[in-house]
Amino acid sequence: MVIAVFFLLVPLLFIQHMLHKKIFDPVYFNSNFYSSYELSIFSIFPLIFIKTLGYIKAIVFPNKMRRKFQADILRASERPVIYTLALTTIMILFISALVILNAGVVGILIYIR
């Protein structure tokens, strides 16, 4: 199950990274919102997906990021495809976390027995 989620999540994150890079980076990924250290760190390969997850969080939960960006980064009615991709990614991450937690609890219960 975890491997299936991984092979589903990686292409989804890559597609969103390419979309967010074109749409949000010119507006939000600059020195107005991030320090120069953050700009340099989140531009290298493995950490670009943390930036993508930050954009996903800002799209799905706009109240959480309103403090940083002073406005909603994206409304669902403006770009429904991007909102749907972000919501799907959050749901897959949540479900995979539940599956991993469940497997850990079952493993512990089997070990105790």
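An account of the accompanying structure is given in this report. (Residues numbered from 1 in each chain as written. Predicted model: local features only at pLDDT ≥ 70, side-chain atom pairs only at ≥ 80, totals over all residues. Heavy atoms only, no water.)

**With respect to the overall build of the protein**
Here is step 1: Across its full length, the protein carries 6 helices and 0 strands.
Here is step 2: What you see in the protein, going N to C, is helices and strands ordered as α-α-α-α-α-α.
Here is step 3: The buried share among the 113 residues of the protein stands at 28%.
Here is step 4: Residue pairs at least 24 apart in sequence account for 68% of intrachain contacts in the protein once pairs closer than 6 positions are excluded.
Here is step 5: Counting every atom, the protein has about 7800 Å² of accessible surface; 71% of that belongs to carbon and sulfur. (Helix = DSSP H or I, 4+ residues; strand = E, 2+ residues; numbered from the N terminus. Buried < 20%, exposed > 50% of the residue type's maximum accessible area, 1.4 Å probe, protein only. Contact = heavy atoms within 4.5 Å. Areas by Shrake-Rupley, 256 points an atom, 1.4 Å probe, with all protein chains shown as cover.)

**Comments concerning helix H6 (residues 80-112)**
Here is step 1: With 33 residues, H6 ought to run about 48 Å at 1.5 Å a step, and its terminal C-alpha atoms sit 48 Å apart, in line with that.
Here is step 2: All of the buried residues in H6 are Ile82, Leu85, Ala86, Thr89, Ile92 and Ser96. (Expected span 1.5 Å × (residues − 1).)

**Some remarks on the side chain of Thr89**
Here is step 1: Within the fold, Thr89 resides in helix H6.
Here is step 2: Since its relative accessible area comes to 0%, Thr89 is described here as buried.
Here is step 3: Polar contacts involving the side chain of Thr89 include one to the side chain of Gln16, which spans 2.4 Å.
Here is step 4: Beyond its immediate chain neighbours, meaning those up to four positions away, Thr89 contacts Leu9, Leu12, Leu13, Gln16 and Ile56. (Polar contact = N/O pair within 3.5 Å; in protein donor to acceptor, adjacent residues only side chain to side chain.)

**Re the nonpolar core**
Here is step 1: Core analysis: the largest hydrophobic core is formed by 13 residues, its most contacted members being Ile56, Ile59, Ala86 and Ile92.
Here is step 2: Those elements that place two or more of their residues in this core are helix H1 (2-23), helix H4 (48-60) and H6. (Core = buried A, V, L, I, M, F, W, Y, C linked by side-chain atoms within 4.5 Å.)

**Things to note about H4**
The periodicity of an α-helix, 3.6 residues per turn, causes residues three or four places apart in sequence to face the same way.
Here is step 1: Taking 1.5 Å per residue, 13 residues should reach 18 Å; H4 reaches 19 Å between its end C-alpha atoms and fits that length.
Here is step 2: Every buried residue of H4 is accounted for by Ile48, Lys51, Thr52, Tyr55, Ile56, Ala58, Ile59 and Val60.

**Some words on the environment of Thr88**
Here is step 1: Assignment of secondary structure puts Thr88 in helix H6.
Here is step 2: In this structure the C-alpha to C-alpha distance between Thr88 and Val60, which are 28 residues apart in sequence, comes to 9.7 Å.

**Describing a nonpolar patch on the surface**
Here is step 1: Where nonpolar side chains cluster on the molecular surface, the patch consists of Leu87, Met91, Phe94, Ile95, Leu98, Leu101, Val105, Ile108, Leu109, Tyr111 and Ile112 and spans about 1200 Å² of accessible area.
Here is step 2: Here Ile112 shows up in helix H6. (Patch = residues over 30% accessible without salt bridge, like charges linked within 9 Å, V, L, I, M, F, W, Y side chains within 5 Å. Salt bridge = Lys/Arg side-chain N within 4 Å of Asp/Glu carboxyl O.)

**Considering the environment of Ile95**
Here is step 1: As for its placement among the helices and strands, Ile95 is situated in helix H6.
Here is step 2: Separated by 90 residues in the primary sequence, Ile95 and Val5 have C-alpha atoms spaced 9.2 Å apart.

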